[in-house]
Amino acid sequence: MNVLVMQMTLRSRGMELPVFAGSVWHGGLGCQLNRVAPTAFACLYQVSDEARLYSFIPPEGGHWPPGQDRVLQLSLFGPACDHAMAVLQAVAELGDVGLRPGGKFVVEAVHTLTPDGQPLQTIFTSARGLLTLPVACDFTPAWASVHQQALSQPADVLLQWRSPVRIKEQNIQLHQAPSCLQLLRRTLGRVEQLAFACN
């Protein structure tokens, strides 16, 4: 399975983001992607939640003063990697029209990372423009190695949430700490998303 992890440095033009900003980014990107590249929109958005071929680590919510940089990390899985340039264009145009709620921003730089977070290549800077096309990583060898290791020896599992998580039960948002069962359901949903991308 191909994985393309893009780390985008965004410069605020005066923003105020909600604490749980993931849904704002999801909706804003979808709106712009549908406008600039309907085929990419269909691949990324016109699917069930467990088949979604992307994930976000959004910038921290709250006040984001003009001129301050923050990072948006966006990962594309499987066939969604083919639409990376359309996604980048949609993010740039989202900055021009602004998140609602949120505000406007400018894309200062875009770097790709390996699936384990190591820097890979700089593909765009505001000063120099597009430097190269993004190239996805083949995650299959790494996944096979992890799978083989898991079969040969038991291992501890570390679950780390990288951004605020909003959990719903029967489409109603939780307003208290989730139970272990609710956390497991949410985690397994993400695993199912990766499994779908792998076919």
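Structure first, text after, so check above.
Residues numbered from 1 in each chain as written. Predicted model: local features only at pLDDT ≥ 70, side-chain atom pairs only at ≥ 80, totals over all residues. Heavy atoms only, no water.

Visitor: Before we go on, may I ask you to explain the overall build of the protein chain in this structure?
Guide: Along the protein chain, the regular secondary structure elements total 5 helices and 10 strands. The buried share of the protein chain, reckoned over its 199 residues, is 38%. Considering only residue pairs separated by 6 or more positions, the protein chain has 66% of its internal contacts joining residues 24 or more positions apart. (Helix = DSSP H or I, 4+ residues; strand = E, 2+ residues; numbered from the N terminus. Buried < 20%, exposed > 50% of the residue type's maximum accessible area, 1.4 Å probe, protein only. Contact = heavy atoms within 4.5 Å.)

Visitor: Could you clarify how one ought to interpret helix 1 (residues 22–36) in this entry?
Guide: An α-helix turns once every 3.6 residues. As a result, residues three or four positions apart point the same way. Under the 1.5 Å per step criterion, the end-to-end length of helix 1 is 21 Å for 15 residues, consistent within 8% with the ideal 21 Å. When helix 1 is considered as a whole, its buried residues turn out to be Val24, Trp25, Gly28, Leu29, Gly30, Gln32 and Leu33. (Expected span 1.5 Å × (residues − 1).)

Visitor: Help me out: how do you make sense of the side chain of Glu93 in this one?
Guide: Of note, Glu93 is situated in helix 3 (residues 84–97). Judged by its relative accessible area of 19%, Glu93 is buried. Among the polar contacts made by the side chain of Glu93, one reaches the side chain of Gln89 at a distance of 2.6 Å. Excluding residues within four positions of it along the chain, Glu93 makes contact with Gln32, Arg35 and Val36. (Polar contact = N/O pair within 3.5 Å; in protein donor to acceptor, adjacent residues only side chain to side chain.)

Visitor: So what exactly am I meant to see when it comes to the pattern of salt bridges here?
Guide: Once the charged atoms of two side chains with opposite charge are near each other, the side chains can pair. One pass over the full model with this rule turns up 4 salt bridges. As a salt-bridge pair, Asp69 and Arg11 come within 2.6 Å of each other at their nearest N and O atoms. Of this pair, Asp69 sits in strand 4 (residues 69–77) while Arg11 sits in strand 1 (residues 2–17), and the two are 58 residues apart along the sequence. You can call Asp69 partly exposed: its relative accessible area is 35%. (Salt bridge = Lys/Arg side-chain N within 4 Å of Asp/Glu carboxyl O.)

Visitor: I keep staring at the packing of aromatic side chains and nothing clicks. Help me out?
Guide: One pair of aromatic rings is described through two measures. These are the centre distance and the angle between the planes. Scanning all chains against the criterion turns up 4 aromatic pairs. Geometrically, the ring pair formed by Trp25 and Phe105 is tilted, given 5.4 Å between the ring centres and 50° between the ring planes. In this pair, Trp25 is assigned in helix 1 and Phe105 in strand 5 (residues 103–113), connecting sequence segments 80 residues apart. Considered together, Trp25 and Phe105 belong to a single accessibility category, that of buried residues. Plain terms: the ring middles of Tyr54 and Phe56 are 5.5 Å apart, the flat faces sit at 80° to each other, and that makes the pair edge-to-face. Both residues of the pair, Tyr54 and Phe56, belong to the buried class. Aromatic rings pair up to connect Phe41, Tyr45, Tyr54 and Phe56 into one cluster. (Phe/Tyr/Trp six-rings, centres within 6.5 Å; stacked < 30°, edge-to-face > 60°.)

Visitor: Sorry, what's going on with the nonpolar core here?
Guide: A general tendency of soluble globular proteins is for nonpolar side chains to be buried together. Ranked by size, the top nonpolar core spans 37 residues in total, and within it Met6, Trp25 and Leu76 carry the most contacts. Among the elements of the structure, strand 1, helix 1, helix 2 (38–45), strand 2 (54–57), strand 4, helix 3 and strand 5 are those that each provide at least two residues to this core. Ignoring anything within four residues of it in the chain, the contact list for Trp25 reads Leu10, Leu17, Phe56, Pro58, Pro59, Trp64, Leu72, Leu94, Leu99 and Phe105. Counting 5 residues, the second largest nonpolar core, distinct from the first, contains Met1, Val3, Val5 and Leu113. (Core = buried A, V, L, I, M, F, W, Y, C linked by side-chain atoms within 4.5 Å.)

Visitor: Looking at this structure, I do not really get unusual backbone geometry. What am I missing?
Guide: The omega angle of the peptide bond from Arg100 to Pro101 is 0°, so this bond is cis rather than trans. Topologically, Pro101 is positioned in the loop between helix 3 and strand 5.

Visitor: Explain the packing of helix 1 against helix 2 here, please?
Guide: When two helices pack together, their arrangement is given by the angle between the helix axes and by the axis-to-axis distance. Look at helix 1 against helix 2: their axes get within 6 Å of each other, and the N-to-C directions meet at 145°. Between helix 1 and helix 2, the residues in contact are His26, Leu29, Gly30, Leu33, Asn34 and Val36 and Pro38, Ala40, Phe41, Leu44 and Tyr45, respectively. Its residues placed into classes, the contact of helix 1 with helix 2 shows 8 nonpolar, 3 polar and no charged. (Axes fitted to C-alpha atoms, helices over the stretch in contact; angles between N-to-C directions. Nonpolar A, V, L, I, M, F, W, Y, C, P; charged D, E, K, R; others polar.)

Visitor: How do you make sense of the side chain of Glu108 when you look at a structure like this?
Guide: Assignment of secondary structure puts Glu108 in strand 5. When its relative accessible area of 18% is taken as the criterion, Glu108 is described as buried. Not counting residues within four places of it along the chain, the set of residues in contact with Glu108 comprises Thr9, Arg11, Asp69, Phe124, Thr125 and Ser126.

Visitor: Sorry, what's going on with the pairing of strand 4 here?
Guide: Along strand 4, 7 of the 9 residues are buried, which leaves the element largely enclosed by surrounding structure. Bridge analysis of strand 1 against strand 4 gives 9 bridges, and the strand direction is antiparallel. Note on strand 4: the bridge partner recorded for Leu4 is Leu76. The pairing of strand 2 with strand 4 spans 4 bridges and is antiparallel. Bridged to Tyr54 within strand 4 is Leu76. (Pairing = 2+ DSSP bridges.)

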